[in-house]
Amino acid sequence: MQCPSGEDRCCGVVLDSGEEIRSTLGVISTLPPQTLLPLIPEAWLSHDPSLKSMEALKPCEYISVYIWFDQKVSEGKQMWARTYNKDDLNCEFYDFSEIYPGSDGSGKPWKQRPSLIGSNIIDSGRLADMTDDEVIERTLREIQESFPLALEAKVLHTVVNRVPMAIHRPVVGTEKLRPEQRSSVRDFYVAGCWTKTDFPCSMESAARSGYLAADELLQLRGRESGSASSVAHCMLQAVRERLTNILCQHLSFCICVGMIQVAYCSRLMFQVGSKLVGSMQVTQVTNNSEKNLTRLKVEELVN
Ligand SMILES: Cc1cc2nc3c(=O)[nH]c(=O)nc-3n(C[C@H](O)[C@H](O)[C@H](O)COP(=O)(O)OP(=O)(O)OC[C@H]3O[C@@H](n4cnc5c(N)ncnc54)[C@H](O)[C@@H]3O)c2cc1C
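Residues numbered from 1 in each chain as written. Predicted model: local features only at pLDDT ≥ 70, side-chain atom pairs only at ≥ 80, totals over all residues.

Chemist: It is not clear to me how the overall build of the protein should be interpreted in this structure. Could you clarify?
Modeler: Helix and strand content of the protein: 8 helices and 11 strands. A total of 303 residues make up the protein; the buried ones form 22% of that total. Taking the intrachain contacts of the protein between residues at least 6 apart in sequence as the baseline, contacts between residues at least 24 apart amount to 60%. (Helix = DSSP H or I, 4+ residues; strand = E, 2+ residues; numbered from the N terminus. Buried ≥ 20, exposed ≤ 12 C-beta atoms within 10 Å, placed from the backbone. Contact = placed C-beta atoms within 7 Å.)

Spelled out as C-alpha cells, the structure:
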C-alpha cells in the first residue's frame, strides 16, 4: 500500500475486504511473483527495475497426484523415485500412510491405514492437454511397475492438483532476474524462494529469503546485521546436514559401483587371458516392469 502522501514508501497492506493494515517497521511480502506483481503500484515497478524483473521469471508447473488405495501397496516404503526417463510422468512418490506419525481424525494409527500415495510430476507444462483421468491412469501404471500389490488393490479416491508455478524455471539468464529482498521502495521487502538467495529455488531458498529480508529490515532500523541469525543458523545447519546426507548417499553409491567394476574387471581380465575375447557392460537399469527401484544390473558379455 502506497502512503497517502504519495511518496515511494510502503505503509502497509490492503486486504480484499478493504481493511487496511498499517505497518510499524515495514512490509515483507512473501507472495509468489505472479500474485505479487498485479498488487504493486505501477510507479514502484517503473522506479525499481529489480522488482520489475520478476515479470520475466517463467513458471515451472508441477502436478501433484494423490491416490487412496483400499490396502497397503508400497511394501512399507515411505518414498521412492524414478530416474529420469523422458516418457515418464512422475519423479518421486510418497506413501503418506507410512510417513505420518500418530493417528488420523478417527483415531486410527496412520501406519495401519491403507496406502495413500502422493507423487510429483515436475515441469508438467508439457502435459497441459492430458486429462486428470489420463494422469491418474499413467501414474497408477508407474506405481504398479514398482509395486505389484498395486495391481490388485482397489483405488478408492484420487486428486490431481495442478500447481501453476511450483518454482520459477531456472533457465540460463534467470539468476540475474532474481530481486534482492530489500527493494528501492522504502519499507518494502520481498521474500520467497525466487528472490536472490544464492540457493536454487527450494524450501531452503524460501527460508533464507525470509531471514535476509528480516535482517535487511532490522539493519535499516538500527539493529546490527545478524540480528535474525538464530533462525538463519538453524536453517543453514539444516542445509548443511541435508547436503552431507546427499553426499554420503552418492559416495556409498559410487563406492558400490566401483567395487562391482573392480570385481568384474578382475574376473574379466582372467577370462580375457584364457579366452582372449571379452567385454563388459555396466548398465543402470530402472523402470523395468518387475521392480522399479533403481538398481544396478551388471551384464557380462563374454564370447
Ligand atoms: C508439489 C511440490 C513439490 C515440491 N517439492 C520440493 C522439495 O522436495 N524440495 C524443495 O526444496 N522444494 C520443493 N518444492 C518447492 C518449494 O515448495 C518452494 O520452493 C517453496 O515452498 C517456496 O516457498 P515460498 O515461501 O517462496 O512460496 P510458497 O510456499 O508458495 O508461499 C507463498 C504463500 O503465499 C500464499 N498466497 C498466494 N497468493 C496469495 C494471496 N493473494 N493472498 C494471500 N496469500 C497468498 C500461498 O497460499 C502460500 O502460502 C515443491 C513445490 C511443489 C509445488
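Chemist: Would you take a moment to explain the site of the ligand for this structure?
Modeler: Near the ligand there are 16 residues, and of these Ala166, Gly192, Cys193, Ser202 and Ala206 occur at the shortest range. For the shell around the ligand, the elements supplying multiple residues, two or more each, are strand E4 (59-69), strand E8 (155-168) and helix H7 (203-220). Residues that form the shell around the ligand fall into these classes: 10 nonpolar, 6 polar and no charged. (Near = placed C-beta within 6 Å. Nonpolar A, V, L, I, M, F, W, Y, C, P; charged D, E, K, R; others polar.)

Chemist: Looking at this structure, I do not really get H7. What am I missing?
Modeler: An α-helical segment advances 3.6 residues per turn. Residues three or four places apart therefore align on the same side. Its 18 residues place the ends of H7 26 Å apart at the C-alpha level, agreeing with the 26 Å of an ideal helix rising 1.5 Å per residue. Buried residues of H7: Ser205, Ala207, Arg208, Ser209, Gly210, Tyr211, Leu212, Ala213, Ala214, Asp215, Glu216 and Leu217, and no others. Downstream of H7 by a residue or two, glycine 222 has a phi angle that is positive, lying close to 90°. (Expected span 1.5 Å × (residues − 1).)

Chemist: What exactly am I supposed to notice about the pairing of E4 here?
Modeler: Within a regular beta strand, the side chains point alternately toward one face of the sheet and then the other, so they alternate between its two faces. Alignment of E4 against E8, held across 10 bridges, turns out to be antiparallel. Across the sheet, residue tyrosine 66 finds its bridge partner in E8, namely valine 159. Inspection of the sheet shows E4 paired to strand E7 (residues 116-122) by 7 bridges, in the antiparallel sense. Directly across from valine 65, in E7, lies its bridge partner serine 119. (Pairing = 2+ DSSP bridges.)

Chemist: Explain the nonpolar core here, please?
Modeler: Proteins that are soluble and globular tend to have nonpolar side chains buried together. Core analysis: the biggest nonpolar cluster contains 15 residues, and Val65, Phe69, Val73, Ile117, Ile143 and Ala150 have the highest contact counts within it. Ranked by residue count, the leading element in this core is E4, at 4 residues. Residues in contact with alanine 150, not counting those within four places in the same chain, are Phe69, Val73, Leu140, Ile143 and Gln144. If you look at the next biggest cluster of nonpolar residues, it comprises 13 residues, including Cys10, Val190, Ala191 and Ala213. (Core = buried A, V, L, I, M, F, W, Y, C linked by C-beta atoms within 7 Å.)

Chemist: What should I look at first to understand the confidence of the model for the protein in this one?
Modeler: Low pLDDT marks stretches whose predicted atomic positions should not be read closely. For the protein, the mean per-residue pLDDT works out to 80, and 74% of the residues sit at or above 70. Scored below 50 in pLDDT, residues 251-303 shows 42 contacts in the model against residues more than four places distant or in partner chains. (pLDDT = per-residue confidence, 0-100.)

Chemist: Can you help me understand helix H5 (residues 132-146) in this one?
Modeler: Here H5 contains 15 residues, and its C-alpha end-to-end distance of 22 Å stays within 8% of the 21 Å for a straight helix at 1.5 Å per residue. Its buried side turned inward, H5 meets E4, strand E5 (79-81), strand E6 (92-95), E7, helix H6 (149-152) and E8.

Chemist: Would you take a moment to explain the sheet that holds E6 for this structure?
Modeler: Working definition: the strands of a sheet are paired by backbone hydrogen bonds and lie parallel or antiparallel to each other. One open sheet accounts for 5 strands, arranged E5-E6-E7-E4-E8; its pairing is antiparallel. Of all the strands in the sheet, the pair left with one neighbour each is E5 and E8. In this sheet, adjacent strand axes meet at a mean angle of 15° when their direction is disregarded. Alignment of E5 against E6, held across 3 bridges, turns out to be antiparallel. Bridge pairing in E6 places alanine 81 opposite glutamate 92. (Axes fitted to C-alpha atoms, helices over the stretch in contact; angles between N-to-C directions.)

Chemist: Is there a simple way to think about the environment of glutamate 204 in this case?
Modeler: Tracing the backbone through its elements, the reader meets glutamate 204 in helix H7. Each C-alpha atom, one on glutamate 204 and one on cysteine 193, is 7.7 Å from the other, the two residues being 11 residues apart in sequence.

Chemist: Is there a simple way to think about unusual backbone geometry in this case?
Modeler: Most peptide bonds adopt trans geometry, and most residues besides glycine take a negative phi value. Despite not being glycine, aspartate 187 has its phi angle at roughly 65°, a positive value. Its identity is not glycine, yet aspartate 198 carries a phi of approximately 70°, on the positive side. Here aspartate 198 shows up in the loop between strand E9 (188-190) and H7.

Chemist: Help me understand the environment of tyrosine 62, please; the structure alone is not making it clear to me.
Modeler: Mapped onto the fold, tyrosine 62 is located in strand E4. Between the C-alpha atoms of tyrosine 62 and leucine 127, which are 65 residues apart in sequence, the distance is 9.9 Å. Those residues within four positions of tyrosine 62 in sequence are excluded, and the remaining contacts are Asn120, Ile121, Ile122, Ser124, Val163 and Ala166.

Chemist: How do you make sense of the environment of serine 202 when you look at a structure like this?
Modeler: Relative to the helices and strands, serine 202 resides in the loop between E9 and H7. With 14 C-beta atoms counted inside 10 Å, the residue serine 202 sits in the partly exposed group. For serine 202 and isoleucine 167, which are 35 residues apart along the polypeptide, the C-alpha to C-alpha distance reads 7.6 Å.

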